[in-house]
Amino acid sequence: MNDLIEKINAEIETFKTESTSLIEKGIKAAGPRARKSTLELEKLLKEFRKVSVEAAKK
């Protein structure tokens, strides 16, 4: 589970970086990268939910 949490934190940092580039610096190419990051976060968070529910049952 720690590995999964590290992946989630890394993806959050990627999203922060790309969204900041888009909003503050006006780098339009950062928009698709930020959106891609949100899709990856969605997958990771669903996986976290699944793992945490299984761990709670033990």
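Structure first, text after, so check above.
Fair warning: this is a prediction, and the values are worked out from it, not measured in the lab.

1. Digging into the overall build of the chain
So, point 1. Summing up its helical and strand segments, the chain has 2 helices and 0 strands in all.
So, point 2. Taking 58 residues into account, the globule formula puts the C-alpha radius of gyration at 10 Å, and the chain, at 14 Å, lies well above it.
So, point 3. Its C-alpha atoms give the chain principal-axis dimensions of about 50 × 15 × 10 Å.
So, point 4. For the chain, with 58 residues in total, the buried portion stands at 21%.
So, point 5. Here the contacts in the chain between residues at least 6 apart in sequence split such that 58% fall between residues at least 24 apart.
So, point 6. Measuring between centres, the 13 positive side-chain charges of the chain sit 5 Å from its 10 negative side-chain charges.

2. Observations concerning the pattern of salt bridges
So, point 1. Under the criterion given, the structure shown has 5 salt bridges.
So, point 2. In this structure, K16 and E13 form a salt bridge, with 3.5 Å as the shortest nitrogen-oxygen distance. Here K16 pairs with E13, and both are found in helix α1 (residues 2–23), just 3 residues apart, close to one helical turn.
So, point 3. K16 gets classed as partly exposed once you look at its relative accessible area, which sits at 46%.

3. Focus: the environment of F15
So, point 1. Position of F15 relative to the elements: it lies in helix α1.
So, point 2. Take F15: its relative accessible area is 31%, and that puts it in the partly exposed class.
So, point 3. For the pair F15 and T38, spaced 23 residues apart in sequence, the C-alpha separation works out to 7.0 Å.
So, point 4. Non-local contacts of F15, meaning those with residues more than four positions away in its chain, are made with A34, S37 and T38.

4. Observations regarding helix α2 (residues 30–57)
So, point 1. If you check α2, its first and last C-alpha atoms are 41 Å apart, about what 28 residues at 1.5 Å a residue would give, namely 40 Å.
So, point 2. Taken together, the buried positions of α2 are A30, G31, A34, S37, L41 and L44.
So, point 3. Buried residues in α2 make contact with α1.

What counts, and at which threshold
Residues numbered from 1 in each chain as written. Predicted model: local features only at pLDDT ≥ 70, side-chain atom pairs only at ≥ 80, totals over all residues. Heavy atoms only, no water. Helix = DSSP H or I, 4+ residues; strand = E, 2+ residues; numbered from the N terminus. Rg over C-alpha atoms; globule rule 2.2 N^0.38 Å. Buried < 20%, exposed > 50% of the residue type's maximum accessible area, 1.4 Å probe, protein only. Contact = heavy atoms within 4.5 Å. Lys, Arg positive; Asp, Glu negative; His and termini not counted. Charge placed at Lys NZ, Arg CZ, Asp CG, Glu CD. Salt bridge = Lys/Arg side-chain N within 4 Å of Asp/Glu carboxyl O. Expected span 1.5 Å × (residues − 1).

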